[in-house]
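Residues per chain, in single letters:
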Amino acid sequence: MPSMPTSCPAKPRQVLLYDGLCGFCNWAVRFVITHDTQGTMYFAALQSEYGNQVIARHPWLATVDSVVLVETMDDGAEQVFVRSTAALRIAAYLGGWWRWLTLGYVLPGFLRDWLYDAFARVRYRLFGQYETCLVPSPDIRARFLEVSP
(Lines give C-alpha, C1' and ligand atoms only; values in the text may rest on other atoms or scores of the structure.)
Protein backbone atom coordinates (compact mmCIF):
# COMPACT_ATOMS: atom_id res chain seq x y z
CA MET A 1 0.00 0.00 0.00
CA PRO A 2 1.45 3.40 -0.92
CA SER A 3 2.14 5.73 1.93
CA MET A 4 -0.15 8.74 1.97
CA PRO A 5 0.25 12.01 3.79
CA THR A 6 -1.85 12.37 6.92
CA SER A 7 -4.01 15.04 5.26
CA CYS A 8 -4.78 12.81 2.27
CA PRO A 9 -8.13 10.98 2.21
CA ALA A 10 -7.92 7.18 2.33
CA LYS A 11 -8.61 7.09 -1.41
CA PRO A 12 -8.24 10.48 -3.08
CA ARG A 13 -11.09 11.46 -5.42
CA GLN A 14 -8.72 12.56 -8.19
CA VAL A 15 -5.07 11.70 -8.73
CA LEU A 16 -3.03 13.12 -11.56
CA LEU A 17 -0.28 10.73 -12.64
CA TYR A 18 2.49 12.45 -14.57
CA ASP A 19 5.89 11.67 -16.02
CA GLY A 20 8.14 12.69 -13.13
CA LEU A 21 11.14 12.95 -15.45
CA CYS A 22 9.52 15.33 -17.95
CA GLY A 23 10.21 19.05 -17.61
CA PHE A 24 6.88 20.03 -19.16
CA CYS A 25 4.94 17.55 -17.03
CA ASN A 26 6.50 18.94 -13.85
CA TRP A 27 5.63 22.47 -15.00
CA ALA A 28 2.04 21.34 -15.72
CA VAL A 29 1.68 19.88 -12.22
CA ARG A 30 2.87 23.16 -10.68
CA PHE A 31 0.40 25.00 -12.95
CA VAL A 32 -2.50 22.82 -11.78
CA ILE A 33 -1.53 23.32 -8.13
CA THR A 34 -1.35 27.10 -8.61
CA HIS A 35 -4.80 27.27 -10.24
CA ASP A 36 -6.53 24.60 -8.14
CA THR A 37 -8.97 26.57 -6.00
CA GLN A 38 -10.52 23.38 -4.58
CA GLY A 39 -7.19 21.94 -3.44
CA THR A 40 -8.49 18.38 -3.67
CA MET A 41 -6.43 16.94 -6.52
CA TYR A 42 -3.48 14.76 -5.59
CA PHE A 43 -0.40 13.92 -7.61
CA ALA A 44 1.96 11.02 -8.16
CA ALA A 45 4.68 10.30 -10.67
CA LEU A 46 4.00 7.46 -13.09
CA GLN A 47 7.37 6.07 -11.93
CA SER A 48 6.23 5.91 -8.29
CA GLU A 49 4.93 2.91 -6.38
CA TYR A 50 1.44 4.44 -6.52
CA GLY A 51 1.76 4.86 -10.29
CA ASN A 52 2.89 1.24 -10.63
CA GLN A 53 -0.12 0.09 -8.59
CA VAL A 54 -2.51 2.00 -10.84
CA ILE A 55 -0.86 0.44 -13.89
CA ALA A 56 -1.19 -3.01 -12.27
CA ARG A 57 -4.93 -2.40 -11.82
CA HIS A 58 -5.25 -1.09 -15.40
CA PRO A 59 -2.61 -3.02 -17.43
CA TRP A 60 -3.44 -1.22 -20.68
CA LEU A 61 -1.77 1.88 -19.16
CA ALA A 62 1.65 0.21 -19.43
CA THR A 63 1.77 1.16 -23.12
CA VAL A 64 0.41 4.70 -22.70
CA ASP A 65 2.85 7.62 -22.75
CA SER A 66 0.49 10.23 -21.38
CA VAL A 67 -0.85 12.10 -18.43
CA VAL A 68 -3.24 9.85 -16.52
CA LEU A 69 -6.15 11.12 -14.46
CA VAL A 70 -7.57 8.58 -12.02
CA GLU A 71 -10.99 9.45 -10.64
CA THR A 72 -12.54 7.43 -7.84
CA MET A 73 -16.31 7.24 -7.91
CA ASP A 74 -18.56 7.19 -4.84
CA ASP A 75 -18.79 3.39 -5.06
CA GLY A 76 -14.97 3.08 -5.04
CA ALA A 77 -14.68 2.22 -8.73
CA GLU A 78 -11.89 3.92 -10.66
CA GLN A 79 -12.26 5.67 -13.97
CA VAL A 80 -9.04 6.34 -15.85
CA PHE A 81 -8.59 9.06 -18.44
CA VAL A 82 -5.54 9.62 -20.65
CA ARG A 83 -4.23 12.01 -23.27
CA SER A 84 -6.51 14.85 -24.34
CA THR A 85 -9.49 13.61 -22.35
CA ALA A 86 -7.44 13.73 -19.14
CA ALA A 87 -6.25 17.24 -20.00
CA LEU A 88 -9.81 18.43 -20.71
CA ARG A 89 -11.12 16.89 -17.48
CA ILE A 90 -8.37 18.72 -15.59
CA ALA A 91 -9.41 21.99 -17.27
CA ALA A 92 -13.02 21.36 -16.20
CA TYR A 93 -11.85 20.59 -12.64
CA LEU A 94 -9.89 23.86 -12.47
CA GLY A 95 -13.06 25.76 -13.38
CA GLY A 96 -13.08 29.47 -14.04
CA TRP A 97 -12.05 30.43 -17.50
CA TRP A 98 -10.03 27.19 -17.79
CA ARG A 99 -13.40 25.49 -18.27
CA TRP A 100 -13.55 27.14 -21.71
CA LEU A 101 -10.82 24.75 -22.83
CA THR A 102 -13.40 21.98 -22.65
CA LEU A 103 -14.68 23.32 -25.97
CA GLY A 104 -11.94 21.02 -27.23
CA TYR A 105 -14.47 18.22 -26.85
CA VAL A 106 -16.01 19.38 -30.14
CA LEU A 107 -13.00 17.83 -31.88
CA PRO A 108 -13.19 14.09 -32.39
CA GLY A 109 -11.18 12.14 -29.81
CA PHE A 110 -8.82 10.67 -32.41
CA LEU A 111 -7.88 14.18 -33.60
CA ARG A 112 -7.43 15.54 -30.05
CA ASP A 113 -5.25 12.54 -29.18
CA TRP A 114 -3.24 12.88 -32.40
CA LEU A 115 -2.44 16.50 -31.45
CA TYR A 116 -1.65 15.43 -27.88
CA ASP A 117 0.66 12.65 -29.08
CA ALA A 118 2.43 14.99 -31.52
CA PHE A 119 3.28 17.31 -28.63
CA ALA A 120 4.21 14.39 -26.35
CA ARG A 121 6.79 13.19 -28.89
CA VAL A 122 8.72 16.49 -28.68
CA ARG A 123 8.17 17.47 -25.03
CA TYR A 124 11.60 16.27 -23.86
CA ARG A 125 13.35 18.20 -26.63
CA LEU A 126 11.39 21.37 -25.87
CA PHE A 127 11.28 21.26 -22.07
CA GLY A 128 14.06 18.90 -21.02
CA GLN A 129 14.19 15.73 -18.99
CA TYR A 130 15.26 15.12 -15.40
CA GLU A 131 17.40 12.22 -14.21
CA THR A 132 15.15 11.70 -11.18
CA CYS A 133 11.67 12.81 -10.14
CA LEU A 134 11.63 16.22 -8.51
CA VAL A 135 10.79 16.52 -4.82
CA PRO A 136 7.92 18.95 -4.18
CA SER A 137 8.41 21.91 -1.87
CA PRO A 138 7.20 21.55 1.75
CA ASP A 139 4.14 23.77 1.19
CA ILE A 140 2.64 21.38 -1.38
CA ARG A 141 4.23 18.09 -0.33
CA ALA A 142 1.04 16.82 1.36
CA ARG A 143 -0.70 16.69 -2.04
CA PHE A 144 1.85 14.25 -3.44
CA LEU A 145 1.33 10.58 -2.72
CA GLU A 146 4.31 8.69 -1.30
CA VAL A 147 6.23 11.80 -0.32
CA SER A 148 6.87 12.36 3.38
CA PRO A 149 5.40 15.59 4.77
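Here the structure is a predicted model, which is why all the values come from computation and not from measurement.

Before going further, it helps to examine the pairing of strand 3 (residues 68–72). A large share of strand 3 lies buried, amounting to five of its five residues. Burial of the side chains of strand 3 extends over both faces: Val 68, Val 70 and Thr 72 are buried on one face and Leu 69 and Glu 71 on the other. The sheet contact formed by strand 3 and strand 4 (residues 78–82) spans five bridges and is antiparallel. For Leu 69, the partnering residue across the bridge sits in strand 4 and is Phe 81. Connecting strand 3 to the antiparallel partner strand 4 that follows it, the hairpin turn spans five residues, and Gly 76 within it adopts a positive phi of roughly 90 degrees.

A few words on the nonpolar core. The biggest cluster of nonpolar side chains holds 20 residues, and the ones touching the most others in it are Leu 16, Tyr 18, Val 29, Met 41, Phe 43, Ile 90 and Phe 144. Among the secondary structure elements, those contributing two or more residues to this core are strand 1 (14–18), helix 1 (23–35), strand 2 (41–45) and helix 3 (83–94). Not counting the four nearest positions on each side in its chain, Phe 43 is found in contact with Val 15, Leu 16, Tyr 18, Val 29, Val 32, Ile 33, Arg 143, Phe 144 and Leu 145. Within the second largest apolar cluster, 14 residues are counted, among which are Val 15, Leu 17, Tyr 42 and Leu 46.

Our next topic: the packing of aromatic side chains. A full pass over the atoms with the stated rule returns seven aromatic pairs. With 4.9 Å between their ring centres and 85 degrees between their planes, Phe 31 and Trp 98 make a pair best called edge-to-face. Highlighted residues: Phe 31 in helix 1 and Trp 98 in the loop between helix 3 and helix 4 (109–127), separated in sequence by 67 residues. Relative accessible area serves as the criterion here: at 22%, Phe 31 is assigned to the partly exposed category.

For the protein chain, per-residue confidence averages 84 on the pLDDT scale, and residues scoring 70 or more make up 87% of the total. Counted against residues more than four places away or in other chains, residues 1–8, with its pLDDT under 50, gives 20 contacts.

Rules behind the numbers
- Each chain has its residues counted from 1, following the order in which its sequence is written.
- This being a predicted model, a pLDDT of at least 70 is required before a residue's local features are given, and a value of 80 or more before pairs of side-chain atoms are given or counted; all residues contribute to the totals for chains, interfaces and linings.
- Processing note: side-chain calculations cover all non-hydrogen atoms of the structure and skip hydrogens and water entirely.
- Three labels apply to residues, based on accessible area from a 1.4 Å probe with only protein chains included: buried if under 20% of the type maximum, exposed if over 50%, partly exposed otherwise in between.
- A run of DSSP states H or I qualifies as a helix once it reaches four residues; a run of E qualifies as a strand once it reaches two. Both are numbered from the N-terminal end.
- DSSP calls a pair of strands paired once it identifies at least 2 bridges connecting them.
- The criterion is simple. A nonpolar core is a set of buried Ala, Val, Leu, Ile, Met, Phe, Trp, Tyr and Cys residues joined through side-chain atoms within 4.5 Å.
- Throughout, a contact is declared for two residues whenever any of their heavy atoms are within 4.5 Å.
- For Phe, Tyr and Trp, rings pair up if their centres lie within 6.5 Å, where Trp contributes its six-membered ring, and each pair is then called stacked (planes under 30 degrees apart), edge-to-face (over 60) or tilted (otherwise).
- pLDDT expresses, on a scale from 0 to 100, how confident the predictor is about each individual residue.

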